[in-house]
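# Survey of secondary and tertiary structure
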Amino acid sequence: MKISDPVQRETVRATTPRPTERTPFPARDDLYQPDAYGRELLSSLMRAQAGASLAVLLPAITLIALYPLLAVLIPRLASLQVEGLPLALLVLGGGLYPPLVLLGYWYVRRSERLEQRFVELLKEQ
Amino acid sequence: MNQPATIVAIAAVTIATAIIGARGVRIARTPDDFLVAARQVPTLLNASAISGEYLSAASFLGIAGLAMLEGLGALWYAVGYAAGYLVLLVAVAAPLRRFGAYTIPDFAEGRLDSALLRRVATGVVLLICGFYLLPQLKGAGLTLQIAFGGPQWIGVIVLGVVVTLGIASGGMKGITFVQAFQYWLKFTALAIPAFALLLFFQHPPVANITSATPITFSHRTTVSFPQSEDMSVNANVWVHAVGTIDGQARHGLVELSPGPQIVLAGSKLTFPGGAKAPSVSSPQLTAQEWNSPLLRLNGQPDHQLAATYGILLATVLGAMGLPHILVRFYTNKDGQAARRTTAFVLLLLAFFYIFPAIFAVLGRLEAPSLYVSGQTDSVVLVLPRIASAGIAGTLLGALVAAGAFAAFLSTSSGLLISMAGALSHDIMGKGVKAFRGSAICIGAVMTMIGIFVLGISINVLVGWAFAIAASTFCPLLLLGIWWRRLTWKGALAGLILGGGASSLAVVATMLGAGKSGWPAVLLGEPAIWTVPLAFATMIGVSLVTPRAVPQDVTQKLLALHLPERVRLPNRGNALRQYPVA
């Protein structure tokens, strides 16, 4: 192996060879290491994603679970009419769906941005 | 009732399904094609296919019928069926796709390194799908009986043969197109009749459902009784009767007095216009009771909040545990595509579930004869013909029958694919031949079982499938994806305890235990306690068996959560067990 060859010289290193040397994510290998830092990096990704999920689930659960509860606590609400139609028909027959769909779309966008930020983080180091 | 238009419509759906399905035969060559359609299905197509597969007999016929019978509270079923996809979207869709396993048993083994757990999960797949498939076959039997007359088993065999041959020949590539086509068919088949009935046909003002007057026949109406019913009469009424009432053969004018009357199968009663409609089994609900937003279990106002939450828990969490739905997530390109597809599914379902509510309201206003004969489940099928005697009613009736048949076809196909996939991967060996053989075996066996369980209610069986799915695969997926310390021992204990408890509860209900009060709620809606039980078992047993946590759990979590573009080559999919051909 000629020392003068610059390409060959690059392969002689003290560290273990990295198969992904030329990828744009220098910090990626940290994730795959069994040490505390890699674990923490993974946990931070999972926490961020779980946070985005809970930010959608909690309003959705409140939205859905609140109406039956209120109908039991305030019986007048159970037989309430709006414009001659029962409130239950307006809520259950369609009214609950738009907020649920919007929450879903908001989550798709937020999770996309979140993963983009994580990818940027891996590019940095 | 022999309806040529209906027969033509059902035949057209079946032929269109066969043609679209056959298009896939040329493309499907490897087991991979058969199972996940080579993972290259565009978002809208895939979302339509998932929705098409999901909207079964329960959604197309059952919700409208149940809401007509037991009140608007039954619409919580629809809300739960749709909201389940929001949970699926935020907690399961992307990680499951990224993990790169095909089926739930694949996921269980890949995540927790246990062949035993895999076999138990396969058993749960067959259980859930089996009990979901039977009501579809029964629904087909009912629909064809209304169209053709004759015995119900004919419809069961027709559906069984069409679905089995379709899958054994085309695999899932063809089925993806079929399912997408059938979502739009089902949507059209409910939307057009609903708008037509609401806007173009005469009906009592919709605001009448809030008025205190009891339901009456708007004109002279003949009610046929296909099965014997325990009819409860509200007020004295003279009817023209042909048949047997309270053990007496009648032919001519009879005065019915208030109270219960047993009407035998085959009887016909003709009520005068303006008469108050009697009801079957339980007393007729008042307008206020019917308009309540709380679920009435078996028509009774017992512990309504618990019953409502029980149904919501089962449907919202059960949706993610349906094996035939989850297998579709591998047809997405990557995790983010799986999220977009799921969000689209939520939108498509939200549009669809507006229509069962319309049918329930119009049914209550226009078709009191269904209360009398106990046939509210058929409200979607018969309402167009009740509302309009002319050609329009006939054509709309044919359209909904075709949509109903599409519902049975698409859901049965998805279920059969999952069962055949599970059986061929885990028991019969891999490859196209094994998949085809499994599909034919299971199709034949399920069709035969379907003939013998025609007496069991559609809603009981579908409810059972959702309750078991919510008590088994839901905790397995949520904990497996989000909790590092889950062990195969914990998962196994949770699957057995959750699945066993929910199955026993529903079997007890079917055998007649728990008619009212808390037993009815806890046995009839077991999810309210079996889901927490399954979660607690999985977490508790996992915590006391920390040594059973897989050694490479970090690698597995990376495979679940790391976006595809930052993965190390050859590591992200290290858990995939079958090479992509």
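Residues numbered from 1 in each chain as written. Chains lettered and ligands numbered in written order. Predicted model: local features only at pLDDT ≥ 70, side-chain atom pairs only at ≥ 80, totals over all residues.

## A look at the overall build of chain A
What chain A contains, in helices and strands, is six helices and two strands. Ordered by position from N to C terminus, the α and β elements of chain A give α-α-α-α-β-β-α-α. Every one of the 125 residues in chain A was classed for burial, and the buried ones make up 26%. (Helix = DSSP H or I, 4+ residues; strand = E, 2+ residues; numbered from the N terminus. Buried ≥ 20, exposed ≤ 12 C-beta atoms within 10 Å, placed from the backbone.)

## Quick look at the overall build of chain B
Helix and strand content of chain B: 23 helices and seven strands. The proportion of buried residues among the 581 residues of chain B is 59%.

## Things to note about the environment of His425 of chain B
Within the secondary structure layout, His425 of chain B lies in helix H16 (residues 391-428). The spatial distance from the C-alpha of His425 of chain B to the C-alpha of Ser438 of chain B is 9.6 Å, given a sequence separation of 13 residues.

## Concerning the interface of chain B and chain A
With 44 residues of chain B at the contact, the number on the chain A side is 49 residues. The dominant element in the side of chain B that touches chain A, judged by the number of residues it contributes, is helix H5 (residues 76-99) of chain B, at nine residues. Here the side of chain B that touches chain A is built from residues that sort into 32 nonpolar, eight polar and four charged. (Contact = placed C-beta atoms within 7 Å. Nonpolar A, V, L, I, M, F, W, Y, C, P; charged D, E, K, R; others polar.)

## A few points about the pairing of strand S3 (residues 237-245) of chain B
Strand residues, when the strand is regular, have side chains that alternate between the two faces of the sheet. All names here are of chain B. Summarising the sheet, S3 and strand S4 (residues 248-256) pair through nine bridges and their orientation is antiparallel. Directly across from His240, in S4, lies its bridge partner Leu253. Linking S3 back to S4 in an antiparallel pair, the connection comprises two residues, with Asp246 at a positive phi of about 50°. Across three bridges, the pairing between S3 and strand S6 (residues 268-271) is antiparallel. From the neighbouring strand, Val242 faces S6, where its bridge partner is Lys268. (Pairing = 2+ DSSP bridges.)

## A closer look at unusual backbone geometry
Residue and element names in this part refer to chain B. The backbone of Asp113 shows a phi angle near 55°, a positive value even though the residue is not glycine. Secondary-structure assignment places Asp113 in the loop between helix H6 (104-112) and helix H7 (115-148). On the neighbour-count criterion, Asp113 (19 C-beta atoms within 10 Å) is partly exposed. Even without glycine at this site, Asp246 takes up a positive phi of about 50°. Checked against the element boundaries, Asp246 lands in the loop between S3 and S4.

## A word on the confidence of the model for chain B
Residues and elements named next belong to chain B. The pLDDT averaged across chain B works out to 82; a share of 88% of its residues lies at or above 70. This stretch, residues 26-31, has a pLDDT under 50; its non-local contacts, to residues over four places away or in other chains, come to 13 contacts. Residue range residues 570-581 is modelled with pLDDT below 50. Its contacts to residues more than four positions away, or to other chains, number 21 contacts. (pLDDT = per-residue confidence, 0-100.)

## Quick notes on the domain arrangement of chain B
How big an interface is tends to be stated in terms of accessible area lost as the parts join. Each assigned domain of chain B is listed with its residue range as follows: domain 1 (4-201 + 291-566) and domain 2 (216-283). Averaged C-alpha coordinates put domain 1 of chain B and domain 2 of chain B at centres separated by 37 Å. (Domains from an automatic or database assignment.)

## Things to note about helix H12 (residues 335-352) of chain B
Structurally, the α-helix is built with 3.6 residues per turn, so residues lying three or four positions apart point the same way. Counted at 1.5 Å a residue, the expected span for H12 of chain B with its 18 residues is 26 Å, and the 26 Å between its end C-alpha atoms agrees. Here H12 of chain B lies mainly inside the structure; 17 of its 18 residues are buried. (Expected span 1.5 Å × (residues − 1).)

## What about the packing of helix H10 (residues 304-318) of chain B against helix H22 (residues 527-544) of chain B?
Residue and element names in this part refer to chain B. Contact geometry of H10 with H22 gives a least axis separation of 8 Å together with a crossing angle of 50°. Classed by the angle they form, the pair H10 and H22 counts as oblique. Between H10 and H22, the contacting residues are Ala306, Tyr309, Gly310, Leu313, Ala314 and Leu317 on the first element and Ala527, Ile528 and Val531 on the second. Of the residues assigned to the contact of H10 with H22, the class counts are eight nonpolar, one polar and no charged. (Axes fitted to C-alpha atoms, helices over the stretch in contact; angles between N-to-C directions. Parallel < 35°, antiparallel > 145°, perpendicular 65-115°, else oblique.)

## Some remarks on the nonpolar core
Formed by 225 residues in total, the largest nonpolar core has its most connected members in Leu100 of chain A together with Leu75, Ala82, Leu86, Leu346 and Ala402 of chain B. In terms of domain composition, this core takes at least three residues from each of domain 1 (4-201 + 291-566) and domain 2 (216-283) of chain B. Apart from the residues within four sequence positions on either side, Leu346 of chain B is in contact with Leu100, Val101 and Gly104 of chain A together with Ala82, Tyr85, Leu86 and Leu89 of chain B. (Core = buried A, V, L, I, M, F, W, Y, C linked by C-beta atoms within 7 Å.)

## Quick notes on the confidence of the model for chain A
Residue and element names in this part refer to chain A. Across chain A, pLDDT averages 79, with 70% of residues at or above 70. The spread of mean pLDDT over the elements of chain A runs between helix H1 (residues 6-11), the lowest at 50, and helix H6 (residues 97-124), the highest at 91. Low pLDDT, under 50, characterises residues 1-8; the stretch is placed with three contacts to residues that sit more than four places away or in other chains.

## A look at the environment of Leu486 of chain B
Looking at the secondary structure, you find Leu486 of chain B in the loop between helix H19 (473-482) and helix H20 (488-510). Residue contacts for Leu486 of chain B: discarding those within four places in its chain leaves Leu112, Leu479, Gly480, Ala491, Met538 and Ser542 of chain B.

## Quick word on the environment of Glu115 of chain A
By the secondary structure assignment, Glu115 of chain A is in helix H6. Residues Glu115 of chain A and Tyr105 of chain A, 10 residues apart in the sequence, show an inter-C-alpha distance of 16 Å.

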